[in-house]
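Below are the chains, spelled out letter by letter.
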Amino acid sequence: MSFTAAKVYSELNFSEHLVIGHPYYPSRPAFLLVRRGWIKVKEQIHTHDLGPYSIILIDSNSVYEILDFSPNIKVILIAYDRDFVEQLNFKFNRLKAYSGIRSKFKNSYVADKEEFTSIWKNLENLKYYIESEETNEYLIEVIETFFTALIYQFGNIINRNRRLSKDLMSRSQEIVLDFIKLVSNQYLEEKSVDFYAQKMM
């Protein structure tokens, strides 16, 4: 049974998905992880210099160009169909999660070594099962589980960074953020300024 909704590439064949030397629209979105060496990626007008432990989302709605990479590079790239991700079951708001992952990883992110190693191992497991030619009754479920875990790993990174950002906020910034959240949750039911003033006290 052949699985085609996602594919994992290494440094040996990543040029099958990433076009080197001229601009292109990727056929599918993908996550690119750099373990060793470096790669220079141009996205629209922005250039990203990715070194060890870097992660970037290659978005199929943008134009990319691979400008250069080191000869000793070690990468892993997972390209996937949007439909495949959309049918997975997550215990969080799907739209919010996608938008968070897209905004965080489109501009690249540098993970710490332990975090990166954990994500890398998960992708190696995904690669094994996606490329498996053995008859496996639960193959799709196993692949979906590893891919879901990958999205949760990225979600954890986003949540941790949000918490760090919140810790760095001034008290006045925190009050503004809390007020905006309150209004966005209550504006259909509550129009009174007194209601919001009481809630913020």
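Relevant structure appears above.
All values derive from a computational prediction rather than experimental measurement.

A. Looking closely at the overall build of the chain. Per the secondary structure count, the chain includes six helices and eight strands. Secondary structure elements of the chain occur, N-terminal to C-terminal, as β-β-β-β-β-β-β-α-α-β-α-α-α-α. When burial is assessed residue by residue, the chain has 40% of its 201 residues classed as buried. Taking as baseline every contact in the chain between residues at least 6 positions apart, the subset at least 24 positions apart corresponds to 70%. Total accessible area on the chain stands at roughly 12000 Å², and carbon and sulfur atoms take up 52% of it.

B. Just the sheet that holds strand E1 (residues 6-10), in detail. As summarised here, the arrangement of the five strands in space is E1-E7-E2-E5-E8, forming an open sheet in which the pairing is antiparallel. Taken across any chain shown, the strands that pair with only one partner, and hence form the sheet edges, are E1 and strand E8 (109-110). In the sheet, strand E5 (residues 54-58) pairs with E8 via two bridges, with the strands oriented antiparallel. Its bridge partner being in E8, Ile-55 is matched across the sheet by Tyr-109.

C. Inspection of the sheet that holds strand E6 (residues 64-69) at higher detail. Strand order across the open sheet formed by three strands is E4-E3-E6, with antiparallel pairing between neighbours. Only two strands of the sheet have a single neighbouring strand rather than two, namely strand E4 (46-50) and E6. Ignoring strand direction, the axes of neighbouring strands in this sheet form an average angle of 20 degrees. In this sheet, E6 lies alongside strand E3 (residues 39-43) in antiparallel orientation, the contact comprising five bridges. Within E6, the position partnered with Lys-40 by the bridge is Asp-68.

D. Spatial organisation of helix H3 (residues 113-131). An ideal rise of 1.5 Å per residue puts 27 Å on 19 residues; H3 measures up with 27 Å between its terminal C-alpha atoms. Of the positions making up H3, those classed as buried are Glu-115, Phe-116, Ile-119, Trp-120, Asn-122, Leu-123, Leu-126 and Ile-130. Summarising the axial view, the buried residues of H3 lie within an arc of 160 degrees, below the 170-degree limit, and thus occupy one face. Those residues of H3 that are exposed and angled more than 90 degrees off the buried face are Glu-114 and Lys-121. For H3, the N-terminal capping position is held by Asp-112, with its side-chain oxygen 3.3 Å away from the main-chain nitrogen of Glu-114.

E. Representation of the nonpolar core within the structure. Core analysis: the biggest nonpolar cluster contains 32 residues, and Phe-31, Leu-33, Ile-55, Ile-78, Phe-105, Phe-147 and Phe-154 have the highest contact counts within it. Every element with two or more residues in this core is listed here: E1, strand E2 (30-36), E5, strand E7 (74-80), helix H1 (82-86), helix H2 (94-105), H3 and helix H4 (139-167). Per-element tally for this core: the top contributor is H4, with eight residues. If we skip the residues at most four places from it in the chain, Phe-154 touches Phe-31, Ile-55, Ile-101, Phe-105 and Ile-119.

F. Expanded view of the pattern of salt bridges. One pass over the structure, following the stated rule, counts six salt bridges. Glu-16 serves as the salt-bridge partner of Lys-7, at 3.5 Å between the closest nitrogen and oxygen. Asp-49 is the salt-bridge partner of Lys-40, the closest N and O atoms lying 3.8 Å from each other. Using a relative accessible area of 32% as the deciding quantity, one classes Lys-40 as partly exposed. Given a relative accessible area of 57%, Asp-49 falls into the exposed group.

So, how was this worked out
- Residues numbered from 1 in each chain as written.
- Predicted model: local features only at pLDDT ≥ 70, side-chain atom pairs only at ≥ 80, totals over all residues.
- Heavy atoms only, no water.
- Helix = DSSP H or I, 4+ residues; strand = E, 2+ residues; numbered from the N terminus.
- Buried < 20%, exposed > 50% of the residue type's maximum accessible area, 1.4 Å probe, protein only.
- Contact = heavy atoms within 4.5 Å.
- Areas by Shrake-Rupley, 256 points an atom, 1.4 Å probe, with all protein chains shown as cover.
- Pairing = 2+ DSSP bridges.
- Axes fitted to C-alpha atoms, helices over the stretch in contact; angles between N-to-C directions.
- Expected span 1.5 Å × (residues − 1).
- Arc of directions from axis to C-beta.
- Polar contact = N/O pair within 3.5 Å; in protein donor to acceptor, adjacent residues only side chain to side chain.
- Core = buried A, V, L, I, M, F, W, Y, C linked by side-chain atoms within 4.5 Å.
- Salt bridge = Lys/Arg side-chain N within 4 Å of Asp/Glu carboxyl O.

The quantities given are spatial measurements derived from coordinates; they are silent on function.
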